[in-house]
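What follows is the residue order along each chain.
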Amino acid sequence: TKLMFNAHSLTMTTGFTLTSTVADGITIDWGDGTTTTSSSTSKTEYTHTYDMSYLGKDVVVEIQCADGNTYTFDKVKTGLDNIMPTNVKLGKGCTSIGSNAFSSCYSLQSVSIPLCVKDIGYSAFQDCRSLRSINISSSVTYIGQYAFKECRSLQSVTIPSSVTKIDSQTFN
């Protein structure tokens, strides 16, 4: 999984929450030469603070999943003091995008969902005002209610035939 962030605030801290199936199965490369290895199978928040040299620069955070391990991307930490993602490419091992995972990520412009993801949760991308494109893979079978609500910049979405259920007001 790759997340591109733009460091735009003085308190350049970013983070997200993952739920992993194997305790030591995920490595997070923060894009500045440092890494973190997961240590729990429960819902865990991972955060990182960047030094001032990253102010105004794009930072790519990569989540690498060990073979056989899976995880749910639960939530990007948002707020004025955090670095906001601009592009997300979910990668190997991510089976689900949790409820509200990327909600209110105002800078998010594009999302690529890989073949391992089966469902997109409730309000997963709600109020992502800059989201212009999303690539939904043919493995997705479910899109939750309000998943793309208030995505005002979204120009087009191709929904694959694998999707068997779309909840109400998904694109409202």
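Report on the accompanying structure. Counting restarts for each chain, with residues numbered from 1 along the sequence as it is written. A pLDDT threshold of at least 70 governs which residues receive local features in this predicted model, and a stricter bar of 80 or more applies before side-chain atom pairs are shown or counted, although totals over entire chains, interfaces and linings include all residues. Side-chain figures throughout are based on the complete set of non-hydrogen atoms in the structure, without hydrogens or water.

1. Considerations on the pattern of salt bridges
Here comes step 1: For this analysis, a salt bridge means a side-chain nitrogen from Lys or Arg found within 4 Å of a carboxyl oxygen belonging to Asp or Glu. Inspection of the entire model under this criterion finds 3 salt bridges.
Here comes step 2: Salt-bridge contacts for arginine 129 lead to aspartate 127; the nearest nitrogen and oxygen are separated by 3.1 Å.
Here comes step 3: Looking at aspartate 127, the relative accessible area reads 13%, which means it is buried.
Here comes step 4: With a closest N to O distance of 3.2 Å, glutamate 150 and arginine 152 form a salt bridge.
Here comes step 5: Glutamate 150 gets classed as partly exposed once you look at its relative accessible area, which sits at 31%.
Here comes step 6: Accessible area is worked out with a 1.4 Å probe on protein chains only. A residue is then buried under 20% of its type maximum, exposed over 50%, and partly exposed in between. Exposure remark for arginine 152: the relative accessible area of 57% places this residue in the exposed category.

2. Structural notes on the packing of aromatic side chains
Here comes step 1: Working definition: rings of Phe, Tyr and Trp (its six-membered ring) pair if their centres are within 6.5 Å, and the pair is stacked with planes under 30 degrees apart, edge-to-face with planes over 60 apart, and tilted otherwise. Applying the stated rule across the entire model yields 4 aromatic pairs.
Here comes step 2: Here phenylalanine 102 and phenylalanine 125 contribute two aromatic rings whose centre-to-centre distance is 5.2 Å and whose plane-to-plane angle is 0 degrees, an arrangement assigned as stacked. Here the residue phenylalanine 102 occupies a position in the loop between strand S9 (94–97) and strand S10 (110–112), and phenylalanine 125 occupies one in the loop between strand S11 (119–120) and strand S12 (133–135), the gap between them amounting to 23 residues. The exposure classification of phenylalanine 102 matches that of phenylalanine 125, with both residues buried.
Here comes step 3: Ring centres 5.2 Å apart and planes at 10 degrees place the aromatic pair phenylalanine 148 and phenylalanine 171 in the stacked group. Here phenylalanine 148, found in the loop between strand S13 (142–143) and strand S14 (156–158), pairs with phenylalanine 171, found in the segment after strand S15 (165–166); they are 23 residues apart in sequence, far enough to count as distant.
Here comes step 4: Residue classification places phenylalanine 148 among the buried residues on the basis of a relative accessible area of 2%.
Here comes step 5: You can call phenylalanine 171 partly exposed: its relative accessible area is 38%.
Here comes step 6: Through pairs of rings, three or more aromatic residues link up here, namely Phe102, Phe125, Phe148 and Phe171. Numbering goes from the N terminus for both helices and strands, where a helix is a DSSP run of H or I of at least four residues and a strand is a run of E of at least two.

Bear in mind that shape data such as this cannot, by itself, settle questions of function.
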